[in-house]
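Descriptive analysis of the structure
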Amino acid sequence: MATIAPVTTPVSVDSLRGSARRRRKERIVRSVLIAAAIFSLLVSVAIVVALLGEALLFITKVDLGDLWSGAWSPRRGEFDIPTLVFGTLIVAVVAMIIAAPLGLGAAMYLSEYASPRVRRTLKPILETLASIPSVVLGYFALQVINPNIVQDLLGASGTFTFMAAGIGVGILIVPLVASVSEDAMHAVPSALREAAYGIGARRRTVTIRVVVPAAISGIFAGLILGFSRAVGETMVVAIAAGATGQATRTLNPFEGGQTMTGAISSLAIGSDSVKTAAGNEVNPFTALYFVGLLLFVMTLALNAISEGFVRRVRRNY
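Let me sum up the structure you'll find in this document.

Thresholds applied
Residues numbered from 1 in each chain as written. Predicted model: local features only at pLDDT ≥ 70, side-chain atom pairs only at ≥ 80, totals over all residues. Heavy atoms only, no water. Helix = DSSP H or I, 4+ residues; strand = E, 2+ residues; numbered from the N terminus. Contact = heavy atoms within 4.5 Å. Areas by Shrake-Rupley, 256 points an atom, 1.4 Å probe, with all protein chains shown as cover. Patch = residues over 30% accessible without salt bridge, like charges linked within 9 Å, V, L, I, M, F, W, Y side chains within 5 Å. Salt bridge = Lys/Arg side-chain N within 4 Å of Asp/Glu carboxyl O. Lys, Arg positive; Asp, Glu negative; His and termini not counted. Charge placed at Lys NZ, Arg CZ, Asp CG, Glu CD. Buried < 20%, exposed > 50% of the residue type's maximum accessible area, 1.4 Å probe, protein only. Arc of directions from axis to C-beta. Pairing = 2+ DSSP bridges. Axes fitted to C-alpha atoms, helices over the stretch in contact; angles between N-to-C directions. Parallel < 35°, antiparallel > 145°, perpendicular 65-115°, else oblique. Left-handed = near helix turned anticlockwise from the far one by under 90°. Nonpolar A, V, L, I, M, F, W, Y, C, P; charged D, E, K, R; others polar.

1. Here's the deal with the overall build of the chain
Helix and strand content of the chain: 12 helices and 5 strands. Within the chain, residue pairs in contact and separated by at least 24 positions form 72% of the contacts whose partners lie at least 6 positions apart. Of the roughly 17700 Å² of accessible surface on the chain, 65% is carried by carbon and sulfur atoms.

2. Considerations on a positive patch on the surface
A cluster of basic residues, Arg21, Arg24, Lys25 and Arg27, forms a positive patch on the protein surface. Residue position: Arg27 is located in helix 2 (residues 20-61).

3. Some points on helix 8 (residues 203-214)
The periodicity of an α-helix, 3.6 residues per turn, causes residues three or four places apart in sequence to face the same way. Listed as buried for helix 8 are Val206, Thr207, Val211, Val212 and Ala214. Down the axis, helix 8 shows its buried residues gathered within 145° of arc, on one side only. Buried-residue contacts for helix 8 involve helix 3 (81-113), helix 6 (162-186), helix 7 (190-198) and helix 9 (216-232).

4. Description of the sheet that holds strand 3 (residues 247-248)
One open sheet holds the 3 strands; their spatial order is 2-1-3, and the pairing between them is antiparallel. Either end of the sheet is taken by a strand with one partner, and the two such strands are strand 2 (78-79) and strand 3. Both strand 1 (residues 71-73) and strand 3 contribute to a ladder of 2 bridges, which runs antiparallel. The partner of Ala71 across the bridge, within strand 3, is Thr248.

5. Considerations on the packing of helix 6 against helix 9
Interaxial distance between helix 6 and helix 9 falls to 8 Å at its minimum, and their mutual angle equals 160°. Classed by the angle they form, the pair helix 6 and helix 9 counts as roughly antiparallel. For the pair helix 6 and helix 9, the sense of crossing is right-handed. Between helix 6 and helix 9, the residues in contact are Val169, Leu172, Ile173, Leu176, Val177, Val180, Ser181, Ala184 and Met185 and Gly218, Ile219, Gly222, Leu223, Leu225, Gly226, Arg229 and Ala230, respectively. Among the residues making up the contact of helix 6 with helix 9, the classes are represented as 12 nonpolar, 4 polar and 1 charged.

Here's what the structure looks like:
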């Protein structure tokens, strides 16, 4: 009976590393990725430094009482920050009231009820809705949502309202919330569903009691991402909420007003210097950087909260 002679060639570390050509390509790819990451970090740092420098310059030229004056009117030396913050939060909360149930409902259907063929068809269509230009939704909110829903059904009387802007922004972020939440639900192992079905649970029970708790970290991340998107939306609120050069502080969603992003867009055209209550000359254009820095801090805080929550409740399967 013939025997096969054993291989006597020693195995070295260099032979396990592969060819030199492949290692060279991997080093090039690694260097390109590191350079891209460093460049992104440097751009972010440069943006923060630019905002911080101009924001500090703005703070030194205005009296702190001007930041709590009850009205936002930069061209008259009034820079009431709560006016912008309240308007931004009103729009974002209304948007989430619209987007959260619709987005989660769409995610539950696509993940747990739709067949694989229907899911492959509907999910790209849902994600395509996110490509609708925000200026189109802004005019839709102004011409359709405000007169037909906010005025006729809810009894508002103004042409520009936070409610109409919030509904428009909510429609805009529904695909975002639905897509992220559906991905989180779809990633839940099938063994959990099969175990629940094995003890007689209905599909509704499996979806609400098993899938949603297992995917809660991804769902929460999607909601925070949608809220951040609502806070940073510009064109819809600029058109539907009546983002003019001035606004008064209000918590009424059926009134119009100014948001942080709307204020930035209106200040971007520049203006002549004005005198504050303290007698200092200040250019209202510099308020843009201060508001932008506040918006950056708000978004960063939301992302930090989302990351902390996701790390705490994330489950490994």
